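# Structure assessment
Chain by chain, the residues:
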Amino acid sequence: MRVAVSGTHGVGKTTLAEALCARLPGHVVVEEPYYLLEEQGYEFDFPPAAEDYRAMLACSVRSLRSPSTSKAVFDRTPLDYLAYLAASGADPAEQADAAALRLAFATLDLLVITVITPETERILPAAELPGLRSRMNDALLELVYDDPLDAWAGTPVLELSGPLDNRLDAILAVLKPEPVGPTKAGASRHVAD
C-alpha cells in the first residue's frame with residue numbers, strides 16, 4: 001500500500017506519517033524531498049525560491065514513481081510544491097508536466113490532506129513563515145479539489161480537518177478493505193471530522 005500525506009508546514013505531517021507506518025506492517029516513511037535533496041548537497045534559499053520548489057516537485061515525482069517503495073508512506077507529494085508555487089504567485093499549470101504527475105499520483109492508494117485547523121494552531125508549535133503557510137494551505141485545498149492539471153482525479157483523497165488525535169484512525173478506517181460487492185467508479189473524496 002502506498003499512502004502520501006500532503007499539507008502546509010507545521011500541521012503534523014511527519015508525525016502522522018511515522019504513526020501510520022507504525023500501524024502498517026512493513027511500511028517505511030519516504031522522507032520529504034527537501035531532506036532528500038539536502039542530503040545530495042542541494043542548497044536551498046530561505047524561504048525557498050521558485051527554482052527550489054521546482055526541484056522539490058521533480059524529486060517528489062521521482063519518489064512516487066520509484067517502484068522500490070511498494071509499502072510506503074510519503075511525507076509530501078508534488079501537490080505540496082505546486083501549492084507552494086501557487087502561494088508564491090506562480091501558475092501551477094505551468095510548473096509541471098501533467099502526464100508525469102498523472103503517472104506519479106496513479107501509484108498512490110490514498111492521498112491524505114492535512115489542513116490548518118483551530119486545533120493545529122492551538123496545540124502544535126508555531127510555524128515559521130505564517131503568511132506563506134496560510135497561503136499554501138489555501139492553494140493546496142484549491143488545487144486538490146479543482147485539479148487544474150487533471151493529474152490526481154483518480155486518486156482517493158482524505159482531507160483531515162478534525163481533531164488531531166483522530167487523524168490516524170480516520171486514515172486506517174479508509175484503508176480497510178472494502179467488502180466484496182459492487183463498487184463505485186472514480187475517485188473518492190472524504191473529509192474526516
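Read on for a plain summary of the structure.

Along the chain, Asp-147 turns up in the loop between helix H7 (130-146) and strand E5 (157-160). A distance of 3.0 Å separates a polar side-chain atom of Asp-147 from the backbone nitrogen of Ala-153. Sequence-distant contacts of Asp-147, defined by excluding residues within four places in its chain, comprise Glu-142, Trp-152 and Ala-153.

Considering all chains together, one arrives at 5 aromatic pairs under this definition. Each ring, one from Tyr-42 and one from Phe-44, has its centre 4.5 Å from the other, and the planes form 50°; the classification is tilted. An aromatic cluster is present here, built from Tyr-34, Tyr-35, Tyr-42 and Phe-44 joined pairwise through their rings.

In this section: unusual backbone geometry. Cis peptide bonds are those with omega within 30 degrees of zero, and the linkage from Phe-46 to Pro-47 qualifies with -10°. Along the chain, the position of Pro-47 falls in the loop between helix H2 (33-39) and helix H3 (50-65). One non-glycine residue, Leu-129, adopts positive backbone phi at about 50°. Assignment of secondary structure puts Leu-129 in the loop between helix H6 (118-123) and H7. Taking relative accessible area as the criterion, Leu-129 reaches 29% and is therefore assigned partly exposed. Notably, Asp-147 is not glycine yet its phi reads approximately 45°, a positive angle.

Before going further, it helps to examine the environment of Lys-176. Locating Lys-176 in the fold gives a position in the loop between helix H8 (167-175) and strand E6 (189-192). Under the relative-accessibility criterion, Lys-176 is labelled exposed at 56%. In this structure the C-alpha to C-alpha distance between Lys-176 and Asp-75, which are 101 residues apart in sequence, comes to 21 Å.

This part is about the pattern of salt bridges. On inspection of all chains with the given rule, the structure shows 3 salt bridges. The partner of Glu-32 in a salt bridge is Arg-76, with the nearest N and O atoms 3.2 Å apart. Within this pair, whereas Glu-32 is found in the loop between strand E2 (28-30) and H2, its partner Arg-76 is found in the loop between strand E3 (72-75) and helix H4 (78-87), the two being separated by 44 residues in sequence. Comparing Glu-32 with Arg-76 shows no difference in burial state: the two are buried. A salt bridge links Asp-80 to Arg-76; its shortest N-O distance comes to 2.7 Å. Classification of Asp-80 as buried rests on a relative accessible area of 0%. Judged by relative accessible area, Arg-76 falls into the buried class, the value being 6%.

This part is about empty space enclosed by the protein. Using the criterion set out here, one finds 1 cavity of 30 Å³ or more in the structure. By volume, the largest cavity amounts to about 40 Å³. If you go around the largest cavity, the residues you meet are Val-30, Glu-31, Pro-33, Ser-60, Ser-63, Leu-64, Phe-74, Asp-75, Arg-76 and Thr-77. If you list the elements that add at least two residues to the lining of the largest cavity, you get H3 and E3. Take the lining of the largest cavity: its biggest share by element is 3 residues, from H3. Each residue belonging to the lining of the largest cavity can be placed in one class, and the counts come to 4 nonpolar, 3 polar and 3 charged.

This brings us to the packing of H3 against helix H5 (residues 98-105). Where H3 meets H5, the closest approach of the two axes is 8 Å, and the angle between their N-to-C directions is 45°. The orientation of H3 with respect to H5, classified from their angle, is oblique. Handedness of the H3/H5 crossing: left-handed. The segment H3 lies against H5, with Leu-57, Val-61, Leu-64 and Arg-65 engaging Ala-100, Leu-101, Leu-103 and Ala-104.

Cut-off values and rules
Residues numbered from 1 in each chain as written. Predicted model: local features only at pLDDT ≥ 70, side-chain atom pairs only at ≥ 80, totals over all residues. Heavy atoms only, no water. Helix = DSSP H or I, 4+ residues; strand = E, 2+ residues; numbered from the N terminus. Polar contact = N/O pair within 3.5 Å; in protein donor to acceptor, adjacent residues only side chain to side chain. Contact = heavy atoms within 4.5 Å. Phe/Tyr/Trp six-rings, centres within 6.5 Å; stacked < 30°, edge-to-face > 60°. Buried < 20%, exposed > 50% of the residue type's maximum accessible area, 1.4 Å probe, protein only. Salt bridge = Lys/Arg side-chain N within 4 Å of Asp/Glu carboxyl O. 1 Å grid on protein atoms, 1.4 Å probe; cavity = no way out; pocket = protein on both sides within 12 Å on 5 of 7 lines; lining within 4 Å. Points joined across faces, edges and corners; volume = space filled by probe spheres on them. Nonpolar A, V, L, I, M, F, W, Y, C, P; charged D, E, K, R; others polar. Axes fitted to C-alpha atoms, helices over the stretch in contact; angles between N-to-C directions. Parallel < 35°, antiparallel > 145°, perpendicular 65-115°, else oblique. Left-handed = near helix turned anticlockwise from the far one by under 90°.

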